[in-house]
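Okay, here's what each chain looks like letter by letter:
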Amino acid sequence: MKILVVDDHAIVRQGVQRLLSTLPNAVVYEAATSHEALACARNQHPDVVVLDINLEGASGLELLRRLRIENSSVRVLMFSMHSEAIYANRALQAGAYGYVCKSAGADELSTGVLRVFQGERYLDTTLAGELAMSAVRAEDPMRNLTNREIEILRMLGEGKSLQGIADAIGIAYKTVANSCGRIKEKLDLPRTSDLIRFSIENRRN
């Protein structure tokens, strides 16, 4: 079983690599960037990709899309600090086989990798409950946002400036500013300060 771990934090990659190396017949590769991940996927053809949704200079959701364009059968398990249902839903809609929060136990990640390797879908226990609850709550205010707008909102909540967001995603400053305008309209927020407050309040570590 070939596993590719994609995370821009070395200590996380190394910890996950040690954990997953204990699985039967597992060979684990590492990548810190989108470029490294794509190169490794082309050369090693991993069975499972454990992918962080937050990558420096790129979106994990965008990398997921590119991996699936190059190999539609690739099985991706998202591994994220975000436990909100909106992120899991977007990842699953984009083609991920599963989603595990970094706050979950080590056994959850190992189980997720094995289940995804077998072609099954997997959500960690906490997130599965969150998704179940979201189905009976009022509609999510972020339901109408695009994946790019979700990414911009997340980065605002992390304290990034509009220029910082533009540099991280690789788009123009004006594009980010225009996107923020559309996000405010969709969320019915009159001022940029309200948008920033919303992004911080809806960011959960």
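Residues numbered from 1 in each chain as written. Predicted model: local features only at pLDDT ≥ 70, side-chain atom pairs only at ≥ 80, totals over all residues. Heavy atoms only, no water.

Colleague: What is the right way to read the overall build of the chain from this model?
Modeller: Along the chain, the regular secondary structure elements total 10 helices and 8 strands. Its C-alpha atoms put the chain at 55 × 40 × 30 Å along the principal axes. Here the chain, with 205 residues, has 46% of them falling under the buried criterion. Here the analysis covers contacts within the chain between residues at least 6 apart in sequence; of these, 64% occur between residues at least 24 apart. Working note: accessible area of the chain is about 10100 Å², and carbon and sulfur atoms make up 50% of it. Within the chain, one finds 25 positive and 25 negative side-chain charges whose respective centroids are separated by 4 Å. (Helix = DSSP H or I, 4+ residues; strand = E, 2+ residues; numbered from the N terminus. Buried < 20%, exposed > 50% of the residue type's maximum accessible area, 1.4 Å probe, protein only. Contact = heavy atoms within 4.5 Å. Areas by Shrake-Rupley, 256 points an atom, 1.4 Å probe, with all protein chains shown as cover. Lys, Arg positive; Asp, Glu negative; His and termini not counted. Charge placed at Lys NZ, Arg CZ, Asp CG, Glu CD.)

Colleague: Looking at this structure, I do not really get the pairing of strand S2 (residues 27–31). What am I missing?
Modeller: Successive side chains on a regular strand alternate, one facing one side of the sheet and the next facing the other. As judged from the 5 bridges shared by strand S1 (residues 2–6) and S2, these two strands associate in the parallel manner. Counterpart to valine 6 in the pairing with S2 is alanine 31. (Pairing = 2+ DSSP bridges.)

Colleague: Where do I start with the side chain of serine 199 in this structure?
Modeller: Tracing the chain through its elements places serine 199 in helix H10 (residues 192–201). Since its relative accessible area comes to 4%, serine 199 is described here as buried. Side-chain polar atoms of serine 199 contact the backbone nitrogen of glycine 157, separated by 3.3 Å. (Polar contact = N/O pair within 3.5 Å; in protein donor to acceptor, adjacent residues only side chain to side chain.)

Colleague: Is there a simple way to explain the sheet that holds S1 in this structure?
Modeller: In sheet architecture, strand pairing relies on hydrogen bonds along the backbone and comes in two forms, parallel and antiparallel. Overall, parallel pairing links the 6 strands, which are arranged S2-S1-S3-S6-S7-S8 in an open sheet. The two strands at the open ends of the sheet, each matched to only one other strand, are S2 and strand S8 (122–123). In terms of strand pairing, strand S6 (residues 75–80) meets strand S7 (residues 98–101) through 4 bridges, oriented parallel. The residue of S7 that forms the bridge with methionine 78 is tyrosine 99.

Colleague: Sorry if this is basic, but what is going on with unusual backbone geometry here?
Modeller: A negative phi angle characterises most non-glycine residues, just as the trans form characterises most peptide bonds. The backbone phi angle of asparagine 25 is positive, close to 55°, even though this residue is not glycine. On the basis of relative accessibility, which here comes to 69%, the residue asparagine 25 falls in the exposed class. We note that aspartate 188 has phi near 60°; this positive angle belongs to a residue other than glycine. Since its relative accessible area comes to 67%, aspartate 188 is described here as exposed.

Colleague: Could you clarify how one ought to interpret the packing of helix H4 (residues 85–93) against helix H7 (residues 147–157) in this entry?
Modeller: Packed helices, taken two at a time, are described by the angle between their axes plus the distance between the axes. The geometry of H4 relative to H7 is characterised by a closest axis approach of 11 Å and an angle of 145° between their N-to-C directions. Relative to H7, H4 is oriented so that their crossing is left-handed. On H7, the residues touching Ile86, Tyr87 and Arg90 of H4 are Asn147, Ile150 and Arg154. (Axes fitted to C-alpha atoms, helices over the stretch in contact; angles between N-to-C directions. Left-handed = near helix turned anticlockwise from the far one by under 90°.)

Colleague: Would you explain the pairing of S6 in this entry?
Modeller: Of all 6 residues in S6, 5 are buried, a share of seventy percent or more. With 5 bridges joining them, strand S3 (residues 48–52) and S6 adopt parallel strand pairing. In the strand pairing of S6, valine 50 is matched with leucine 77. Taken together, S6, H4 and S7 form a β-α-β motif whose crossover is right-handed. (Right-handed = clockwise from strand over helix to strand, strands pointing away.)

Colleague: It is not clear to me how H4 should be interpreted in this structure. Could you clarify?
Modeller: Three or four residues apart is the spacing at which side chains of an α-helix point the same way, because the helix has 3.6 residues per turn. What H4 keeps buried is the set Ala85, Ile86, Tyr87, Ala88, Arg90 and Ala91. Directly after H4, the chain includes glycine 95, whose backbone phi takes a positive value near 115°.

Colleague: Mind showing me how you'd approach the nonpolar core here?
Modeller: Note that soluble globular proteins tend to have their nonpolar side chains buried in a common cluster. Grouped together as the largest cluster of nonpolar side chains are 44 residues, with contacts concentrated most on Val6, Leu51, Met78 and Tyr99. When sequence neighbours within four positions are dropped, the list of residues in contact with tyrosine 99 reads Ile53, Leu77, Met78, Ser80, His82, Tyr87, Ala88, Ala91, Tyr122, Leu123, Asp124 and Leu127. Ranked by size, the runner-up nonpolar core spans 18 residues in total, among them Leu23, Leu77, Tyr97 and Tyr122. (Core = buried A, V, L, I, M, F, W, Y, C linked by side-chain atoms within 4.5 Å.)

Colleague: Is there a simple way to think about the pattern of salt bridges in this case?
Modeller: When their charged atoms lie close together, side chains carrying opposite charge are able to pair. Here the structure, examined in full by the defined rule, presents 13 salt bridges. Notably, a salt bridge pairs lysine 102 with aspartate 7, separated by 2.8 Å at the nearest N-O pair. In this pair, lysine 102 sits in the loop between S7 and helix H5 (106–117) while aspartate 7 sits in the loop between S1 and helix H1 (10–20), placing the two residues 95 residues apart along the sequence. Among the salt bridges present, the one from aspartate 52 reaches lysine 102, with a minimum N-O distance of 3.2 Å. Separated by 50 residues along the polypeptide, aspartate 52 in strand S3 and lysine 102 in the loop between S7 and H5 bring together distant segments of the chain. Judged by relative accessible area, which is 3%, aspartate 52 ranks as buried. One salt-bridge network, held together by shared partners, links Glu151, Arg154, Glu158 and Lys160. (Salt bridge = Lys/Arg side-chain N within 4 Å of Asp/Glu carboxyl O.)

Remember that the coordinates give geometry; whether it matters functionally is a separate question.
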